[in-house]
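What follows is each chain in one-letter form.
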Amino acid sequence: MTPGRRVRDIIESALAELPQTPILAAFSGGLDSMVLLHALAQSEAVRARGLRAVHVDHGLHEESEAWALRCREFADALGVELVVRAVDVVRSPGLGLEASARRARYAAIETLLSPGEIVALAHHRDDQAETVLLKLLRGSGPEGIGAMRPLRRLGRGFAWRPLLLLPRAALREYADQHRLGWIADPSNADQTIDRNYLRMQVMPRISARWPEAESSIAQSAAWARAAAEFIDVEAERALARIQGLDPSTLQFREWLALPAALRDPVLRRWLRALDLPEPTHYQAAELVRQLGEAGEDRQPCVRWPGTEVRRYRDLLHALAPLQFPPLEWVGSFDGSPLTLPLDLGVLRLCGPDGAVRLPTALQVRFRRGGESLRLSSGGRTRELRDLFQEAGVPPWKRGRLPLVFDAEGTLVAVADIWLSESGTALLAPLGARVEWTSAEGGPHRGGDRLAIDLADALS
């Protein structure tokens, strides 16, 4: 079989498994992407779907504009529309130039994808083997070792890698057969880049000793991918079982009792759903250690940039790092909207006919310690500390609840969840209620749940 027929057969076979949507070819102008675009353009089935290409100009090389022009000329010769996108590569913390450029490239491609459209990428079997080795050297689990999927979601569409089963040599033969003049990016020879070092120094030695190494590594990746997908399904089921009524909580004992293969994926799935950064493997292990060793009276907390995971009683709580309002902050409150510090929301009084204004302003501040109130006529005065503990309010939430006081310093309301006896006497004749909304304008998260807990605790 000729190289051209082999490449085209692989593409036609993979194409049959795809949704019937258009294809966008990612086209750098290098050997791999030039072979892919040329082969796609020869396919009647691809043409019938709709084929276009995108070239992302990273601006990292002085000849990048000339490369974009060569790509346009090649696409024009094939009769394929080419979109050129220039991007600014911003070095992200913890990422090298190569990874930052890749992030910018994918972001640009995502903006071009129409719903369901498929972006074709030219990764091949050698790339897959290099990816597996890099993931192993970084201590990755099945998800990482599974390396690149032939098809995965990307933005509003899909990323498709039809050439993953072919070695780089097959693509080189195809290019030679069709006399394709590809662009040679000098950065591909820079051995300070890990992937280039693997390709130029490590893989030739491995292949010299084990000629089938690349094929075997790719097969291992396929097995790891299957295992990762199975774990992912089981992690989703496990998370559904042990997640609290509040999505930001987990039953910590049940989480610790999970098999080790599930514990980490469940943690990461939980955090991703909350849009919180995930931990390193060390930080995840530290969380397991602290939870296993901490006594019932302890409140362990493990932090990493952007996330805190705290235990209180039977639950783990995941949250963004908290800031607490200054103790000296005091706001005057006559019922009109009062913006609280640190994006803690807005407090207002509402009645049946809308906003309510008080003739004498109240004061709003946050906990300083020692606050107390009386719930009903004839009832005894209780300290907030005890009431919050009985209600199961986590300690870190208590200092962020706005407290409303009258002119004599008597506690009138705890946010919008509870009125004291004097608060009821003040607001009931006006048909007024305290409303606490988030900074974005929606109801305060957890307010209803907290009100229920307090009512149960104090009944």
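Source: prediction; values computed, not measured. (Residues numbered from 1 in each chain as written. Predicted model: local features only at pLDDT ≥ 70, side-chain atom pairs only at ≥ 80, totals over all residues. Heavy atoms only, no water.)

Student: Break down the overall build of the chain for me, citing the residues and quoting the values.
Tutor: Per the secondary structure count, the chain includes 17 helices and 21 strands. For a compact globule of 459 residues, the expected C-alpha radius of gyration is about 23 Å, and the chain comes in at 30 Å, more than 25% above that figure. Overall size of the chain, expressed as C-alpha extent along the three principal axes, is 95 × 50 × 40 Å. Contacts in the chain between residues at least 24 apart in sequence constitute 64% of all its contacts with a sequence separation of at least 6. When the accessible surface of the chain is totalled, it reaches about 23900 Å², and 51% of it is carbon and sulfur. Measuring between centres, the 57 positive side-chain charges of the chain sit 3 Å from its 59 negative side-chain charges. (Helix = DSSP H or I, 4+ residues; strand = E, 2+ residues; numbered from the N terminus. Rg over C-alpha atoms; globule rule 2.2 N^0.38 Å. Contact = heavy atoms within 4.5 Å. Areas by Shrake-Rupley, 256 points an atom, 1.4 Å probe, with all protein chains shown as cover. Lys, Arg positive; Asp, Glu negative; His and termini not counted. Charge placed at Lys NZ, Arg CZ, Asp CG, Glu CD.)

Student: Please give an account of the sheet that holds strand 3 (residues 81-86) that cites residues and values.
Tutor: Strands sit in the order 3-2-1-4-6-5 across an open sheet of six strands; the sheet is mixed. The outermost strands of the open sheet, each flanked by one partner alone, are strand 3 and strand 5 (151-154). In this sheet, neighbouring strand axes are inclined to one another by 30° on average, regardless of whether the strands run parallel or antiparallel. In the sheet, strand 1 (residues 23-26) pairs with strand 2 (residues 51-57) via four bridges, with the strands oriented parallel. The residue bridging L24 from the neighbouring strand is R52, located in strand 2. In the packing of helix 2 (residues 31-41) onto the sheet, contacts are made with strand 1, strand 2, strand 4 (118-120) and strand 6 (157-160), and the angle to strand 1 comes to roughly 155°. (Pairing = 2+ DSSP bridges. Axes fitted to C-alpha atoms, helices over the stretch in contact; angles between N-to-C directions.)

Student: An account of the pairing of strand 5 is requested, with residue identities and associated values reported.
Tutor: For strand 5 and strand 6, the ladder comprises four bridges, and the chain directions are antiparallel. What sits directly across from L151, in strand 6, is W160. Once strand 5 ends, the chain turns through two residues before running back antiparallel as strand 6, passing G155 with a positive phi of about 55°.

Student: Now, about the sheet that holds strand 10 (residues 315-319): what can you tell me, with residues and values included?
Tutor: Read from one edge of the open sheet, four strands run 7-10-9-8, paired in antiparallel fashion. Of all strands in the sheet, those with a lone pairing partner are strand 7 (249-251) and strand 8 (301-304), marking the two edges. Sheet twist, expressed as the average angle between the axes of neighbouring strands with direction ignored, equals 15°. With four bridges joining them, strand 8 and strand 9 (residues 307-312) adopt antiparallel strand pairing. Bridge pairing links V302 to V309 in strand 9.

Student: Outline the packing of helix 6 (residues 125-137) against helix 9 (residues 194-209), supporting the account with residue identities and numerical values.
Tutor: Across the interface, helix 6 lies against helix 9 with an axial gap of 10 Å and an inter-helix angle of 105°. Judged on the interaxial angle alone, helix 9 and helix 6 are roughly perpendicular. Facing helix 6, whose interface residues are D127, A129, E130, T131, L133 and L134, helix 9 presents D194, R195, L198, R199, M203 and I206. A per-class count over the contact of helix 6 with helix 9 returns six nonpolar, one polar and five charged. (Parallel < 35°, antiparallel > 145°, perpendicular 65-115°, else oblique. Nonpolar A, V, L, I, M, F, W, Y, C, P; charged D, E, K, R; others polar.)

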